[in-house]
Amino acid sequence: MFSNTSNYVQGVDTAFIVILSIIIFFLIGLTTALVIFIIKYNEKKHPKAAHFHSNNTLEIIWTIIPLALVMAMFYFGWTGYTPMESKPPDNSLPIKVTARMWSWSFEYPNGRRTDTLYVPQGEPIALHLTSLDVIHAFYIPAFRIKKDMVPGKDREAWFIANSPGSYDLFCAEYCGLEHSSMLSTVEVLPKEKFEKWLADTSTGVAASVQSPVLAGKTVLQKYGCNACHSFDGSRLLGPSYKGLFGERVTVITNGAERDIVADEAYIRRSILNPNTDIVKGFQKGLMLSYEGQITDEEINQVIEYLKTLH
Ligand code: CUA
């Protein structure tokens, strides 16, 4: 508490402590009064019930004190909440956050894309939140930031991360079977280190020069494909990658069953038009197209990688 990891921590934690203190005060006060009254006004000691008329002073007191307490809770809640809903500062670094069943994608101004959120320390970050399918919620507990991501509605959030480190990032809205696999981290780097990281767009290229196979696996991980497709042959929501390439698969196309070979065209089609051919035994409509997100080069890397899993 009061760790000050983001610009919201103080406001949220103050409201929390104020409300919690009031609750604890009343819990103890009321319980004590209850016990005292049970003992003191026991029927055995007072067999005859007393009758009271109204007491204006008392009524005014028990109206004003709770009013003041409730207004105090409102005040601290409001001052903690308003910065979250205010416009991000003009010098904010814009990052596009895309949620889908069941992965995260973060896109930086220079086009770099990751499945882990990287941010510079001490700089305002403006998040543009979009969901491609159902309602997800962007949640970083350590930063006290949480925002629903509603399909068809672009939403904004912003924050400043104060200390370098790695923090959990969750989806906080039940969004289907693999909701629990929508977890990632936010990596806060010192400003210079972040600039260097951002400018270094070579990693993908360098990796593909060294090994297109390795690059393919990185691509699958980057887009969160492994949430639904396993590398080891085990059955998840979608077919496994293992032993897929070059094999005959039975698919349902427009309601009719047919046998095809899982070749390069099939892999490409499955990424860009995933609902055209549905592998028999799997459900239609669970995967959305990656068109406009994944590049041609990346698809080729994926194909090269899948060949090795044969
Ligand atoms: Cu996305 Cu839960």
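Our subject is the structure listed above.
What this report covers is the structure whose coordinates are included nearby. Everything quoted here is computed from the prediction, not taken from an experiment.

Of regular secondary structure, the chain possesses seven helices and 13 strands. Taken against the 2.2 N^0.38 rule, which gives 19 Å for 310 residues, the C-alpha radius of gyration of the chain at 28 Å runs more than 25% over that of a compact globule. Counting only C-alpha atoms, the chain reaches 90 × 50 × 30 Å along its principal axes. Relative to its full complement of 310 residues, the chain shows a buried share of 35%. Considering only intrachain contacts with a sequence separation of at least 6, the fraction spanning at least 24 residues in the chain is 62%. If you sum the accessible surface of the chain, you get close to 18,000 Å²; carbon and sulfur atoms cover 61% of it. Distance from the positive charge centre (28 side chains) to the negative charge centre (31 side chains) of the chain: 6 Å.

Looking now at the environment of Ser166. Mapped onto the fold, Ser166 is located in strand 9 (residues 165-171). With relative accessibility at 47%, the residue Ser166 sits in the partly exposed group. Filtering out sequence-adjacent residues up to four positions away, Ser166 remains in contact with Thr185, Val186 and Glu187. Polar contacts involving the side chain of Ser166 include one to the side chain of Glu187, which spans 3.0 Å.

The terminal C-alpha atoms of helix 7 (residues 296-308) lie 19 Å apart, and with 13 residues this matches the ideal 18 Å at 1.5 Å per residue to within 8%. Within the span of helix 7, buried status applies to Glu298, Ile299, Gln301, Val302, Ile303, Tyr305 and Leu306.

Another aspect to go through is the pattern of salt bridges. Taken as a whole and assessed by the stated rule, the structure comprises 10 salt bridges. Of the charged contacts, one joins Lys280 and Glu257 as a salt bridge, the two residues approaching to 3.4 Å between their closest N and O atoms. With Lys280 in the loop between strand 13 (277-279) and helix 7 and Glu257 in strand 12 (residues 256-261), this pair connects stretches of sequence that are 23 residues apart. The partly exposed category is assigned to Lys280, whose relative accessible area is 46%. The residue Asp277 makes a salt bridge to Arg269 at a minimum N-O spacing of 2.7 Å.

Once that is clear, we can look at the side chain of Thr114. Of note, Thr114 is situated in strand 3 (residues 113-114). Of note is the side chain of Thr114, whose polar atom sits 2.6 Å from the backbone oxygen of Thr116. When residues no more than four places from it in sequence are discounted, the contact partners of Thr114 are Trp104, Ser105, Phe106, Tyr108, Trp197 and Lys222.

This part covers the packing of helix 1 (residues 9-40) against helix 2 (residues 56-85). Helix-helix packing is characterised by the crossing angle of the two axes and by the distance between the axes. Closest axis-to-axis distance for the helix 1/helix 2 pair is 8 Å, and the angle between their directions is 160°. By the criterion of interaxial angle, the relationship of helix 1 to helix 2 is roughly antiparallel. The crossing of helix 1 and helix 2 is left-handed. Residue-level inspection shows Gly11, Val12, Thr14, Ala15, Val18, Ile19, Ile22 and Phe26 of helix 1 in contact with helix 2, the latter providing Leu69, Met73, Phe76, Gly77, Gly80 and Met84. Here the contact of helix 1 with helix 2 is composed, by residue class, of 10 nonpolar, four polar and no charged.

What follows concerns the sheet that holds strand 4 (residues 117-120). Strand order in this open sheet of five strands is 4-10-9-6-7, and the pairing throughout is mixed. Edge positions in the open sheet fall to strand 4 and strand 7 (145-149), since each of these has one partner strand only. In this sheet, adjacent strand axes meet at a mean angle of 20° when their direction is disregarded. With five bridges joining them, strand 6 (residues 136-140) and strand 7 adopt antiparallel strand pairing. Across the sheet, the residue bridging to Tyr139 is Lys146, located in strand 7. Its contacts with the sheet place helix 3 (residues 191-199) against strand 4 and strand 10 (183-189), and it is angled at close to 135° to strand 4.

Turning our eyes to something else, we now look at the nonpolar core. Core analysis: the biggest nonpolar cluster contains 38 residues, and Trp104, Leu117, Leu127, Phe138 and Phe159 have the highest contact counts within it. When residues no more than four places from it in sequence are discounted, the contact partners of Phe138 are Val97, Trp104, Phe106, Leu117, Leu127, Leu129, Ile145, Lys146, Lys147, Met149, Leu169 and Phe170. By size, the runner-up hydrophobic cluster in this structure holds 26 residues, among which are Val219, Cys225, Phe245 and Phe282.

Closest axis-to-axis distance for the helix 6 (residues 264-272)/helix 7 pair is 10 Å, and the angle between their directions is 125°. Between helix 6 and helix 7, the crossing angle belongs to the class labelled oblique. Relative to helix 7, the crossing made by helix 6 is right-handed. Where helix 6 abuts helix 7, its residues Glu264, Ile267, Arg268, Ile271 and Leu272 lie against Asp296, Ile299, Asn300, Val302, Ile303, Leu306 and Lys307. Split into classes, the residues belonging to the contact of helix 6 with helix 7 amount to seven nonpolar, one polar and four charged.

We now examine the side chain of Ser105. Take Ser105: it is sitting in strand 2 (residues 103-107). Classification of Ser105 as buried rests on a relative accessible area of 8%. Not counting residues within four places of it along the chain, the set of residues in contact with Ser105 comprises Lys96, Val97, Thr98, Arg113 and Thr114.

Conventions we followed
- Each chain has its residues counted from 1, running along the sequence as written.
- Side-chain atom pairs in this predicted model are given and counted only at pLDDT of 80 or more, local residue features only at pLDDT of at least 70, and totals for whole chains, interfaces and linings cover all residues.
- Water and hydrogen atoms play no part in the side-chain values, which are based on all heavy atoms of the structure.
- Only DSSP runs of H or I with at least four residues qualify as helices, and only runs of E with at least two residues qualify as strands; both kinds are numbered from the N terminus onward.
- Our radius of gyration looks at C-alpha atoms and nothing else; its globule reference is 2.2 Å times the residue count to the power 0.38.
- Exposure categories follow from relative accessible area, calculated using a 1.4 Å probe and restricted to protein chains: below 20% of the type maximum is buried, above 50% is exposed, and the middle band is partly exposed.
- Residues count as neighbours in contact if any of their non-hydrogen atoms are within 4.5 Å of one another.
- Working definition of accessibility: Shrake-Rupley area with a 1.4 Å probe, residue cover restricted to the visible protein chains.
- When charges are counted, Lys and Arg contribute as positive and Asp and Glu as negative, whereas His and the chain ends are disregarded.
- To locate a charge, the coordinates of NZ of Lys, CZ of Arg, CG of Asp or CD of Glu are taken.
- As used in this structure description, the phrase polar contact means that two N or O atoms lie within 3.5 Å; if the pair is within protein, one of them must be able to donate a hydrogen and the other to accept it, and residues adjacent in sequence are counted only when both atoms belong to side chains.
- For a helix, the expected span equals 1.5 Å multiplied by the residue count minus one.
- Salt bridge, as used here: a side-chain nitrogen of Lys or Arg that lies within 4 Å of a carboxyl oxygen of Asp or Glu.
- Angles here are taken between N-to-C directions and fall from 0 to 180 degrees, while the axes themselves are lines fitted to C-alpha atoms, restricted in helices to the stretch in contact.
- Any angle between 65 and 115 degrees counts as roughly perpendicular, while under 35 counts as roughly parallel, over 145 as roughly antiparallel, and the rest as oblique.
- Two helices cross in a left-handed way if the nearer one is turned anticlockwise from the farther one by less than a right angle. They cross in a right-handed way if the turn is clockwise.
- In this classification, the charged set is Asp, Glu, Lys and Arg, the nonpolar set is Ala, Val, Leu, Ile, Met, Phe, Trp, Tyr, Cys and Pro, and all remaining amino acids, among them Gly, are polar.
- DSSP calls a pair of strands paired once it identifies at least 2 bridges connecting them.
- To form a nonpolar core, buried Ala, Val, Leu, Ile, Met, Phe, Trp, Tyr and Cys residues must be joined to one another through side-chain atoms within 4.5 Å.

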